[in-house]
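Here's the letter readout for the chains.
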Amino acid sequence: MAPGMWQILLVVLLAVLLFGGRGKIASVMGDFAKGITSFRKGLKDDEGEGEETTSDTAAGSLNAEAREDEKTGS
């Protein structure tokens, strides 16, 4: 069975990473780790902002209902 184009490309890519220079793999993996870390940090920031917005909206609607009740006297 002859190797396909993608298999040859993968082998060439690995050879370039291994022999392309000193510390190439370490720098690539370091960049990859930084990307994952920033992605997780972004997810936490989005979840934190979403909870604050939801609680503010819920509290705001409760306060608006209480004000309407005060106006009508019921």
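Residues numbered from 1 in each chain as written. Predicted model: local features only at pLDDT ≥ 70, side-chain atom pairs only at ≥ 80, totals over all residues. Heavy atoms only, no water.

J.: Just checking my understanding: could you explain a negative patch on the surface for this structure?
T.: Residues D45, D46, E47 and E49 make up a contiguous surface patch of negative charge. Positionally, E47 belongs in helix α2 (residues 24-72). Residue classification places E47 among the exposed residues on the basis of a relative accessible area of 53%. (Patch = residues over 30% accessible without salt bridge, like charges linked within 9 Å, V, L, I, M, F, W, Y side chains within 5 Å. Areas by Shrake-Rupley, 256 points an atom, 1.4 Å probe, with all protein chains shown as cover. Salt bridge = Lys/Arg side-chain N within 4 Å of Asp/Glu carboxyl O. Lys, Arg positive; Asp, Glu negative; His and termini not counted. Charge placed at Lys NZ, Arg CZ, Asp CG, Glu CD. Helix = DSSP H or I, 4+ residues; strand = E, 2+ residues; numbered from the N terminus. Buried < 20%, exposed > 50% of the residue type's maximum accessible area, 1.4 Å probe, protein only.)

J.: When you look at a nonpolar patch on the surface in this model, what are you seeing that I'm missing?
T.: Among the surface-exposed residues, L18, F19, I25, V28, M29, F32 and I36 lie close enough to one another that they form a single nonpolar patch of about 730 Å² accessible area. Looking at which element gives the most residues to the nonpolar patch, the answer is α2, with five residues. You can see F32 is positioned in helix α2. Here F32 falls in the exposed class, since its relative accessible area comes to 54%.

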